[in-house]
Amino acid sequence: LMGKEGSDTVTKPTPAMRLAISEAVVGDDVFGDDPSVRELEGYAAGLMGKEAAVFCPSGTMANLMAIMAHCETRGNEVI
């Protein structure tokens, strides 16, 4: 591969990637129905020696979860 590969707005999926995407078994992660996410979370939990893990698809989501874990009630602030 040549060129910029630093962003998902620059790179494009290969034909093999498109095929894998089109054939993937998917489900609603909110209800725990996505087998890929369940497998990834299980792998991460095992890797860290933890009972469970949560998949965060973005740094923004992970940061929000971390802040909310430290705020006991809605309306609290982190400065």
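Residues numbered from 1 in each chain as written. Predicted model: local features only at pLDDT ≥ 70, side-chain atom pairs only at ≥ 80, totals over all residues. Heavy atoms only, no water.

### Concerning the overall build of the protein
Here is step 1: From N to C terminus, the protein includes three helices and zero strands.
Here is step 2: A burial count over the protein gives 6% of its 79 residues as buried.
Here is step 3: A fraction of 0% describes how many contacts in the protein between residues 6 or more apart in sequence connect residues 24 or more apart. (Helix = DSSP H or I, 4+ residues; strand = E, 2+ residues; numbered from the N terminus. Buried < 20%, exposed > 50% of the residue type's maximum accessible area, 1.4 Å probe, protein only. Contact = heavy atoms within 4.5 Å.)

### Here we look at the environment of Asp34
Here is step 1: Note that Asp34 resides in the loop between α1 (15–23) and α2 (35–48).
Here is step 2: Classification of Asp34 by relative accessible area gives buried; the value is 11%.
Here is step 3: Not counting residues within four places of it along the chain, the set of residues in contact with Asp34 comprises Val25, Val26, Gly27, Asp28 and Asp29.
Here is step 4: Polar contacts involving the side chain of Asp34 include one to the main-chain amide nitrogen of Ser36, which spans 3.0 Å. (Polar contact = N/O pair within 3.5 Å; in protein donor to acceptor, adjacent residues only side chain to side chain.)

### Some points on the side chain of Glu41
Here is step 1: Looking at the element boundaries, Glu41 is found in helix α2.
Here is step 2: For the buried Glu41, which has no salt bridge, the nearest side chain bearing the opposite charge is Arg38, at an N-O separation of 7.5 Å. (Lys, Arg positive; Asp, Glu negative; His and termini not counted. Salt bridge = Lys/Arg side-chain N within 4 Å of Asp/Glu carboxyl O.)

### A short note on a nonpolar patch on the surface
Here is step 1: A cluster of nonpolar side chains, Leu40, Tyr43, Leu47, Met48 and Phe55, forms an exposed patch at the surface whose accessible area comes to about 550 Å².
Here is step 2: Mapped onto the secondary structure, Met48 falls in helix α2.
Here is step 3: A residue is classified by how much of its surface remains accessible, and Met48, at 59% relative accessible area, is exposed. (Patch = residues over 30% accessible without salt bridge, like charges linked within 9 Å, V, L, I, M, F, W, Y side chains within 5 Å. Areas by Shrake-Rupley, 256 points an atom, 1.4 Å probe, with all protein chains shown as cover.)

### Side note on the environment of Cys71
Here is step 1: Its place among the elements puts Cys71 in the segment after α3 (59–70).
Here is step 2: Each residue touching Cys71, except ones within four places of it in the same chain, is listed here: Asn76 and Val78.

### Details of α2
Here is step 1: The end-to-end C-alpha distance of α2 is 20 Å, a good match for the 20 Å that 14 residues give at a rise of 1.5 Å each.
Here is step 2: Every buried residue of α2 is accounted for by Val37, Glu41 and Ala45. Angular distribution of buried residues about the axis of α2 spans 65°; they occupy a single face of the element. Exposed side of α2, more than 90 degrees from the buried face: Glu39, Tyr43, Gly46 and Leu47 are the residues found there. (Expected span 1.5 Å × (residues − 1). Arc of directions from axis to C-beta.)

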